[in-house]
Amino acid sequence: MSPSAAHVLATLVVAAHGAFVAFVVLGGLLVVRWRKLLYVHLAAVVWAVYVEWSGAICPLTPLENTLRATAGLEAYAGDFVGEYVFPILYPEGLTRSAQLAIGAAVIAVNGCIYVMLRRRRSNTFAS
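Quick caveat: nothing in here was measured; it's all calculated off a predicted structure.

(A) Representation of the overall build of the chain within the structure. From N to C terminus, the chain includes five helices and zero strands. Starting at the N terminus and walking to the C terminus, you meet the elements of the chain as α-α-α-α-α. Burial statistics for the chain: of 127 residues in total, 28% are counted as buried. Put simply, of all contacts in the chain between residues at least 6 apart along the chain, 72% involve residues at least 24 apart. Summing over all exposed atoms, the chain offers an accessible surface of approximately 8200 Å²; the carbon and sulfur share of this is 69%.

(B) Up close: the pattern of salt bridges. Per the counting criterion, the structure on display carries one salt bridge. Of the charged contacts in the structure, one is a salt bridge between Arg 68 and Glu 64, with a shortest N-O distance of 3.9 Å. Of this pair, Arg 68 and Glu 64 are both found in helix α3 (residues 60–70), four residues apart, which corresponds to roughly one turn of the helix. With relative accessibility at 9%, the residue Arg 68 sits in the buried group.

(C) How the structure looks around a nonpolar patch on the surface. Taken together, the side chains of Val 21, Val 25, Leu 26, Leu 29, Val 109 and Met 116 present a nonpolar region at the surface, about 450 Å² in accessible area. For the nonpolar patch, the secondary-structure elements that each account for two or more residues are α1 (3–33) and α5 (96–126). Looking at the nonpolar patch element by element, the count peaks at four residues for α1. Following the sequence through the fold, Leu 29 ends up in helix α1. Classification of Leu 29 as partly exposed rests on a relative accessible area of 45%.

(D) Just α3, in detail. Those residues of α3 that fall on the buried side of the exposure criterion are Thr 61, Glu 64, Leu 67 and Arg 68. Down the axis of α3, the smallest arc covering the buried residues is 130 degrees, so these residues share one side. Gly 72 sits one or two residues past α3 and shows a positive phi near 80 degrees.

(E) Structural detail: the side chain of His 41. By the secondary structure assignment, His 41 is in helix α2 (residues 38–54). Polar contacts involving the side chain of His 41 include one to the main-chain amide nitrogen of Gly 28, which spans 3.3 Å. Look past the residues within four positions of His 41 in its chain and what remains in contact with it is Phe 23, Val 24, Gly 27, Gly 28, Val 31, Asn 110 and Tyr 114.

(F) Broad picture of α1. Maximal helix bending in α1 amounts to about 65 degrees, located at Leu 26. Among all positions of α1, only Ala 6, Ala 10, Val 13, Val 14, His 17, Phe 23, Val 24, Gly 27, Gly 28, Val 31 and Val 32 are buried.

Conventions we followed
Residues numbered from 1 in each chain as written. Predicted model: local features only at pLDDT ≥ 70, side-chain atom pairs only at ≥ 80, totals over all residues. Heavy atoms only, no water. Helix = DSSP H or I, 4+ residues; strand = E, 2+ residues; numbered from the N terminus. Buried < 20%, exposed > 50% of the residue type's maximum accessible area, 1.4 Å probe, protein only. Contact = heavy atoms within 4.5 Å. Areas by Shrake-Rupley, 256 points an atom, 1.4 Å probe, with all protein chains shown as cover. Salt bridge = Lys/Arg side-chain N within 4 Å of Asp/Glu carboxyl O. Patch = residues over 30% accessible without salt bridge, like charges linked within 9 Å, V, L, I, M, F, W, Y side chains within 5 Å. Arc of directions from axis to C-beta. Polar contact = N/O pair within 3.5 Å; in protein donor to acceptor, adjacent residues only side chain to side chain. Bend = angle between axes of the 7 residues up to and from the residue.

So, in structure tokens, the structure goes:
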């Protein structure tokens, strides 16, 4: 694989990672509109909480690092993705307690969304 192709693929992996994180955090709002996403979203939430609480490494991270190494990249600086997306996905000084808090926040945000969805559904049947 050429270094430029590896660079493009590494950037796509980071974009997919970012999209997944956004889906985990806010995907419940999509479920309000498209109920068929319910089980996909719940599976994504369970996976994200598992990764945060267990300290596991998401498989996208080593894939991205391998692609970056193939591309000859050492630092994230230099483009939009490297400057703005990476610090969100890979913050410096990420501690175990921060990971636990992130997992709890994912559950809290989505719990609120699903409670709202459940109440809305119950009100529809009560009318």
